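Structural description and commentary
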Amino acid sequence: MQVDFTIIIDLIGTFAFAISGIRLASHKQIDWFGAYIIGLVTAIGGGTFRDLLLGVTPFWILDAKYFITTGVALLATLVFKEKLFKMGNTLFLFDTIGLGLFTIVGITKSLDAGLPIWVCIVMGTITGSVGGVVRDVLLNEVPLIFRKDIYALASIAGGGVYFFGNFINLPVGILELLASLTVIIFRIVAVKFHIHLPQLKPLESNSGKKK
Amino acid sequence: MQVDFTIIIDLIGTFAFAISGIRLASHKQIDWFGAYIIGLVTAIGGGTFRDLLLGVTPFWILDAKYFITTGVALLATLVFKEKLFKMGNTLFLFDTIGLGLFTIVGITKSLDAGLPIWVCIVMGTITGSVGGVVRDVLLNEVPLIFRKDIYALASIAGGGVYFFGNFINLPVGILELLASLTVIIFRIVAVKFHIHLPQLKPLESNSGKKK
Amino acid sequence: MQVDFTIIIDLIGTFAFAISGIRLASHKQIDWFGAYIIGLVTAIGGGTFRDLLLGVTPFWILDAKYFITTGVALLATLVFKEKLFKMGNTLFLFDTIGLGLFTIVGITKSLDAGLPIWVCIVMGTITGSVGGVVRDVLLNEVPLIFRKDIYALASIAGGGVYFFGNFINLPVGILELLASLTVIIFRIVAVKFHIHLPQLKPLESNSGKKK
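Being a predicted model, the structure only gives us computed values, none of them experimental. (Residues numbered from 1 in each chain as written. Chains lettered and ligands numbered in written order. Predicted model: local features only at pLDDT ≥ 70, side-chain atom pairs only at ≥ 80, totals over all residues. Heavy atoms only, no water.)

Observations concerning the interface of chain A and chain B
With 50 residues of chain A in contact, the opposing surface of chain B contributes 37 residues. Taking both partners together, chain A and chain B bury about 3700 Å²; carbon and sulfur atoms supply 67% of that area. When the buried area of chain A at its contact with chain B is split by residue, A:Arg23, A:Asp31 and A:Phe33 rank highest and sum to 18% of it. In this assembly, chain A and chain B are joined by zero salt bridges. (Contact = heavy atoms within 4.5 Å. Buried area = accessible area lost by both parts, 1.4 Å probe. Salt bridge = Lys/Arg side-chain N within 4 Å of Asp/Glu carboxyl O.)

The following block contains the structure:
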């Protein structure tokens, strides 16, 4: 039952991530194949990079459901078009739930690999955020996440809660639930109240001299 | 004899891929070193990414011929300049033959790693296409392949033929020949008759709210 | 004593690389988190890519000091602002010393992995240069190193000296010192006298037909 529930959230997160990729791709004169790939990379890019860093087989090689879900997302986009984005809040919620789950998956995979806590939090954040970075690079934009960072900070906050709960010996199920909820609430609050970090002011540059 | 033939096609494909990278680089005020690296990345990027995903040693570490062939491609560009591109059709043919071979190499390497059929086709497509994607990212362009996709679809079609042939127990040599020819013919026909997938229409965006 | 000295140079190089990333990021309306990530990627990107190619655990997973040093670099930027860049020559020297050290680290790690000489030089160059490439890709620029290449050529020259010294049986300590100094002097001379490779002239393009 626990497992089924996780799979459903995983698919919902994948779907929402893929949709976010396809939507941004639609503004760049990209064809259906390109949109599929951008959606796919948004959904699986973070986990793939994490697995490469951990030296394990990329998770999607063992399971076709991520490729299929992305196909469903493209199909939904082609069929429902703008109607799909009338449900902006629903998609935002899906995306945020996906972020919460992906973060926890990254943390637990890294814990299983015997890595120190701070690396686990880094891996959780990578799992949640790198897909969006690759999406933006492929679409020739400075990644959104570097300009409005609450996305990754939510993952880091969730990671902090995870290890605090771990430290006080909470059972794993509760731990994971609390950490996911932290990510989700952190992000919803940040978006709702337009909370963001200050921008770095332009510094005098003689970059020609620097690497 | 079989082996020699494959090596020659491999070098021709590498040369054509490198030339395609160097040519695009020439429009971006890049110096000789930059042009070499862009050519190299176009030629070996796909196979390198495939090997990272498969968890094996990148193929070029074991064999200097890809670095040397790229050097020859740069030299040829510097010496023959525009004359080289008068042979546009020859280069196109080389590039397409390279795509066919690279696709099959990716498929057979993945089969040897015991991966399921659909993953093998994905790896064949990655081997053929990712070099061009990295080239375009480094040159600060939205990848050509996302706007005119027949390149990757040709690989996928070749992969389909490979596994259909495998299913009806064709001998490996014939299998590989048929699959390569499928890639090559598919691409030539698509380019000749300007066949391409429809573009995705721009969707209403409130991307500020999305990841 | 040897070890301590290397650690100090490593931290200085990391700091200088991170600063170069943060400075370039400051011109792109990036927030503090984005600046941190760009600085981090500039500092550890080359070594991470090298370790992925070598199939070993990325070096920073085993040691938090690179993440911490990048944090110090961001803090220094926020506190001292333009004052930090008044010390342009000092930073340039740090960056160049870092390049020298990173190159040698890449070479020795690859030698330990039993790789042929030319691959070791490639890995040394990757260690020194790929961080800056990823930084520029994330900031949506054609990498500086492809337009003004002396950066990577200095690494290659240092690699050449390393293996020449190895060939004539110089002791390892002297070898490493000589190779680092070659990188450093090569780069300082190139920057001081504005030495650079010729640019590739634009070639007639019918790129629509090519991959």
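There's more to say after this.
Brief notes about the packing of helix H2 (residues 32-54) of chain C against helix H6 (residues 117-138) of chain C
Residue and element names in this part refer to chain C. For the pair H2 and H6, interaxial distance at closest approach is 7 Å and the crossing angle is 135 degrees. By the angle class used here, H2 and H6 are oblique. Between H2 and H6 lies a crossing whose hand is right-handed. Residue-level contacts link Ile 38, Val 41, Thr 42, Gly 45, Gly 46, Gly 47, Phe 49, Arg 50, Leu 53 and Leu 54 of H2 to Met 123, Ile 126, Thr 127, Val 130, Gly 131, Gly 132, Val 134, Arg 135 and Leu 138 of H6. In terms of residue class, the contact of H2 with H6 is made up of 10 nonpolar, seven polar and two charged. (Axes fitted to C-alpha atoms, helices over the stretch in contact; angles between N-to-C directions. Helix = DSSP H or I, 4+ residues; strand = E, 2+ residues; numbered from the N terminus. Parallel < 35°, antiparallel > 145°, perpendicular 65-115°, else oblique. Left-handed = near helix turned anticlockwise from the far one by under 90°. Nonpolar A, V, L, I, M, F, W, Y, C, P; charged D, E, K, R; others polar.)

Points about the side chain of B:Arg187
Note on placement: B:Arg187 falls in helix H9 (residues 172-192). Within polar-contact distance, the side chain of B:Arg187 engages the side chain of B:Asp95 at 3.2 Å. (Polar contact = N/O pair within 3.5 Å; in protein donor to acceptor, adjacent residues only side chain to side chain.)

Structural notes on the UniProt feature "transmembrane region" (unreviewed entry) in chain A
Residue and element names in this part refer to chain A. Under the local residue numbering, the UniProt record ascribes the feature "transmembrane region" (unreviewed entry) to residues 6-25, 32-53, 59-80, 92-109, 115-138, 150-168 and 174-195. With 100% helix and 0% strand, residues 32-53 has end C-alpha atoms that lie 31 Å from one another. Regarding residues 92-109, the helix share stands at 100% and the strand share at 0%, and the terminal C-alpha atoms are separated by 26 Å. (UniProt positions renumbered as here; feature names shortened; annotations may be inferred.)

Points about the relation of the copies chain C and chain A
You can overlay chain C on chain A at an RMSD of 0.0 Å; the transform is a turn of 120 degrees with a shift of 0.0 Å along its axis. Both copies of the chain, as the preceding transformation shows, are related through a three-fold rotation axis. Relative to the rotation axis, the closest C-alpha in chain C is found at C:Asn140, a distance of 3.8 Å. When the interface residues of chain C are mapped onto chain A, a mere 8% of them again lie at the interface, so each copy presents a different face. (Least-squares fit on C-alpha atoms with pLDDT ≥ 70 in both.)

Let's talk about the interface of chain C and chain A
Facing 50 residues of chain C, the contacting portion of chain A comprises 37 residues. Together chain C and chain A conceal approximately 3700 Å² of surface at their shared face, both sides included; 67% is due to carbon and sulfur atoms. At the junction of chain C with chain A, the criterion picks out zero salt bridges. For the pair chain C and chain A, the interface holds five residue pairs in polar contact (both at pLDDT 80 or more).

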